[in-house]
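Structural features, examined
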Amino acid sequence: QLQLVESGGGLVQPGGSLRLSCAASESIFSINFMGWYRQAPGKQRDLVASITNGGTANYAESVKGRFTISRDNAKILVSLQMNSLEPEDTAVYYCHVVGRATWASALINYWGQGTQVTVSS
């Protein structure tokens, strides 16, 4: 079964940068939606950024001007460049893709296992 794998998380000081990447374990026939979510301890999982098939990006107000989502090559589906990181950005970040694994597959929500981002001095 298709799996998403995030990478690029870690510990960074306030003001620093990280780049998250999301790769699929196998090729995806078609993609309807790609996005990054995050969940801090004791809080709900919130959408951080998304990108459409046409390349239109949308961002949560709290990350506008600091984060950039992009579609990448066939191996890496989507990336999230995070600049000017703040302690409030500390969370587990999840990649989310809605798509079809094959032409005959149903539309499925795929989630990665999450990658920890910690912003602390």
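Predicted model only: the values in this text are computed from it and were never measured.

Bringing the nonpolar core into the picture now. Leu-4, Trp-36, Leu-77, Val-78, Leu-80, Met-82 and Tyr-93 are the most contacted members of the largest nonpolar core, which totals 31 residues. Taken together, the elements giving at least two residues each to this core come down to β3 (18–24), β4 (30–39), β5 (46–51), β7 (67–71), β8 (76–82), β9 (91–100) and β11 (115–119). Once you skip the residues sitting within four places of it in the chain, Leu-4 turns out to touch Cys-22, Ala-23, Ala-24, Leu-77, Cys-95, His-96, Val-97, Tyr-110, Trp-111, Gly-112 and Gln-113.

The subject of this paragraph is the sheet that holds β3. Within the open sheet, the 4 strands sit side by side as β1-β3-β8-β7. Their pairing is antiparallel. The open sheet is flanked by β1 (4–7) and β7, the only strands paired with a single partner. Across this sheet, the average inter-strand angle for adjacent strands is 15 degrees, counted without regard to direction. Sheet analysis places β3 next to β8, joined by 6 bridges and oriented antiparallel. Its bridge partner lying in β8, Ala-23 is registered against Ile-76.

The next thing to look at is the state of the cysteines. For the structure shown, the criterion picks out 1 disulfide. The residue that forms a disulfide with Cys-22 is Cys-95, at a sulfur-sulfur distance of 2.1 Å. Taking the sign of the torsion about the S-S bond as the criterion, the disulfide between Cys-22 and Cys-95, at about -80 degrees, is left-handed. Remark: Cys-95 occurs in strand β9 and Cys-22 occurs in strand β3; sequence separation between them is 73 residues. For Cys-22, a relative accessible area of 0% puts it in the buried group. With relative accessibility at 0%, the residue Cys-95 sits in the buried group.

Conventions adopted
Residues numbered from 1 in each chain as written. Predicted model: local features only at pLDDT ≥ 70, side-chain atom pairs only at ≥ 80, totals over all residues. Heavy atoms only, no water. Core = buried A, V, L, I, M, F, W, Y, C linked by side-chain atoms within 4.5 Å. Buried < 20%, exposed > 50% of the residue type's maximum accessible area, 1.4 Å probe, protein only. Helix = DSSP H or I, 4+ residues; strand = E, 2+ residues; numbered from the N terminus. Contact = heavy atoms within 4.5 Å. Pairing = 2+ DSSP bridges. Axes fitted to C-alpha atoms, helices over the stretch in contact; angles between N-to-C directions. Disulfide = S-S within 2.5 Å.

Take it as geometry only, folks, not as evidence of what the structure does.
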